[in-house]
Amino acid sequence: MAASSFVIDVDYEQPAAEAGAACDTRHAWARVPPEPSQDERSALKERIRRLLRERNAVMVSHFYVHPDLQDLAEETGGIVSDSLEMARFGRDHAAQTLVVSGVRFMGETAKILSPEKRVLMPDLDANCSLDLGCPVDEFSAFCDRHPDRTVVVYANTSAAVKARADWLVTSSCALDVVSALHAQGRKILWAPDRHLGDYIQRQTGADMASWNGACIVHDEFKALELELLKKAHPAAKVLVHPESPADVIALADAVGSTSAILGAAQRMDASEFIVATDTGMLHKLRTLNPGKIFIEAPTAGNGATCKSCAHCPWMAMNGLVELANALETGAGEIHVDPALGLRARVPINRMLAFTAGLKNGQAPGRLVAGIGAA
Ligand code: SF4
């Protein structure tokens with residue numbers, strides 16, 4: 001059990017209060033671009049290739065966006081990856097313009113790490129329920145009530161929330177970072193995903209005060225229906241993202257970030273997999289594993305409804321037309337207040353240094369001690 005918790009009610013179904021305000025799920029679904037015809041698709045891709053060259057730009061796409069935006073990123077020398085690698089790639093690439101297909105916090109992170117670069121997104125209203133559910137004022141008040149805790153926040157947060165944190169993590173390094181902090185006797189304040197926080201707490205035994213946010217995609221996976229699906233596919237291995245509820249995680253053969261899920265599918269000796277993460281991930285899984293079968297994990301029982309139905313509406317707002325327009329006109333440019341960005345860069349850089357150190361074989365405890373002044 002987490003040591004304490006703070007609950008905030010968030011209604012994602014309320015219309016945005018003003019033009020340009022964060023987009024709720026209904027409005028996000030209404031703004032998902034229509035599928036282009038084959039001819040339109042080819043013309044748009046050609047236009048984007050040309051604009052990327054002319055603008056000295058590179059594409060950085062997340063695994064959950066439309067397959068067109070994933071394929072085009074790779075074809076043109078960009079990257080398709082999880083949010084950790086997106087951040088690293090954007091920072092290290094020589095291009096002066098980054099075109100981030102994903103959700104707003106990903107564009108903000110790119111801008112914070114590369115303030116001298118121009119960062120464009122197909123749609124600036126593409127948000128995330130975790131970000132929307134963690135407003136900075138309430139979050140700061142939560143931090144103020146727990147001054148003895150090391151503040152660890154997930155990447156899916158605003159620049160202002162990151163600026164209040166000691167450490168930033170993504171799902172691919174959260175367990176290692178918290179584990180290392182716990183080994184040093186630190187108490188943790190965790191935000192915003194409650195399922196990932198609970199998972200880390202169960203794995204590490206750390207003392208964690210947790211925020212109560214959730215990802216609307218992973219929160220909807222259902223254990224009972226998953227058990228039934230497993231019975232229908234007894235040889236299938238179950239791959240689960242840790243933003244899912246605990247009873248779904250309990251049924252997993254492998255739990256991890258999008259990159260970890262990809263690795264498990266390639267590594268595991270099975271020909272069939274049930275996948276509990278956004279269905280956007282299936283494109284990469286199928287491309288890299290042509291002989292294997294991937295089945296969507298269920299999100300709702302008989303007669304039930306789902307908000308996301310295993311696909312993030314904000315990720316779905318990214319389209320070829322919007323991306324081409326952003327490149328053409330400069331619309332969809334991300335701006336982050338420079339002073340805020342400077343503060344937010346501290347926890348992001350700690351994460352990047354920590355994960356780079358891990359890759360080089362350094363011990364997590366020494367890394368935390370060396371990097372984490374907080
Ligand atoms: S899939 Fe979930 S965590 Fe990812 S952007 Fe959408 S709402 Fe946020």
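Residues numbered from 1 in each chain as written. Predicted model: local features only at pLDDT ≥ 70, side-chain atom pairs only at ≥ 80, totals over all residues.

### Let's talk about the site of the ligand
- Taken together, the neighbourhood of the ligand is formed by 13 residues, with Cys 128, Ser 129, Cys 215, Val 217 and Cys 312 sitting nearest.
- Where the shell around the ligand is concerned, the elements lending two or more residues are helix H6 (129-132) and helix H15 (313-316).
- Looking at side-chain class alone, the shell around the ligand contains 10 nonpolar, 2 polar and 1 charged residues. (Near = placed C-beta within 6 Å. Helix = DSSP H or I, 4+ residues; strand = E, 2+ residues; numbered from the N terminus. Nonpolar A, V, L, I, M, F, W, Y, C, P; charged D, E, K, R; others polar.)

### A word on the sheet that holds strand E2 (residues 57-62)
- Reading across the sheet, the 4 strands line up as E3-E2-E4-E5 and stay open at both edges, with parallel pairing between neighbours. A single partner strand is all that each edge strand has here, and the edge strands are strand E3 (79-81) and strand E5 (118-120). The sheet shows a mean angle of 20° between the axes of neighbouring strands, taken without regard to direction.
- One ladder, built from 3 bridges, connects E2 with E3; its direction is parallel. Counterpart to Ser 61 in the pairing with E3 is Val 80. (Pairing = 2+ DSSP bridges. Axes fitted to C-alpha atoms, helices over the stretch in contact; angles between N-to-C directions.)

### Considering the domain arrangement of the protein chain
- Under the domain assignment used here, the protein chain contains domain 1 (25-128 + 314-329), domain 2 (133-215 + 341-371) and domain 3 (218-310).
- One C-alpha centre belongs to domain 2, the other to domain 3, and the line joining them spans 26 Å.
- In this complex, domain 2 contributes 10 residues to the contact, which on the side of domain 3 involves 12 residues.
- Its residues assigned to classes, the side of domain 2 that touches domain 3 shows 4 nonpolar, 4 polar and 2 charged. (Domains from an automatic or database assignment. Contact = placed C-beta atoms within 7 Å.)

### Overview of the sheet that holds strand E10 (residues 237-240)
- Spatial ordering of the open sheet is given by E11-E10-E12-E13, a layout of 4 strands whose pairing is parallel. Two strands close off the open sheet at either side, each with one partner strand: strand E11 (254-255) and strand E13 (293-296).
- Looking at chain direction, E10 and E11 are connected through 2 bridges and run parallel. Looking at the pairing, Leu 239 lines up with Ala 254 of E11.
- Against the sheet, helix H13 (residues 258-267) contacts E10, E11 and strand E12 (272-276), and its axis sits at roughly 165° relative to E10.

### Comments concerning the pairing of E2
- Most of E2 is tucked away: 6 of the 6 residues are buried.
- Of the pairings in the sheet, the one linking E2 to strand E4 (residues 97-101) comprises 5 bridges and is parallel in character. Looking at E4, one finds that Val 58 is bridged to Leu 98.
- One crossover worth recording links E2 to the parallel E3 by way of helix H3 (residues 67-75), and it is right-handed. (Buried ≥ 20, exposed ≤ 12 C-beta atoms within 10 Å, placed from the backbone. Right-handed = clockwise from strand over helix to strand, strands pointing away.)

### Examining the nonpolar core
- Among the nonpolar cores identified, the biggest contains 111 residues, and Val 99, Val 152 and Val 177 are the most heavily contacted of them.
- With near-sequence residues (within four places) excluded, Val 152 lies in contact with Ala 165, Asp 166, Trp 167, Val 169, Val 177, Val 178, Ile 188, Leu 189 and Trp 190. (Core = buried A, V, L, I, M, F, W, Y, C linked by C-beta atoms within 7 Å.)

### What about the packing of helix H4 (residues 83-92) against helix H5 (residues 104-113)?
- Orientation of H4 relative to H5, taken along the N-to-C sense of each, is 35°, at an axis distance of 9 Å. H4 and H5 meet at a crossing whose hand is right-handed. Listed contacts from H5 to Ser 83, Met 86, Ala 87, Gly 90 and Arg 91 of H4 are Met 106, Thr 109, Ala 110 and Leu 113.
- Partitioned by chemical class, the residues of the contact of H4 with H5 number 5 nonpolar, 3 polar and 1 charged. (Left-handed = near helix turned anticlockwise from the far one by under 90°.)

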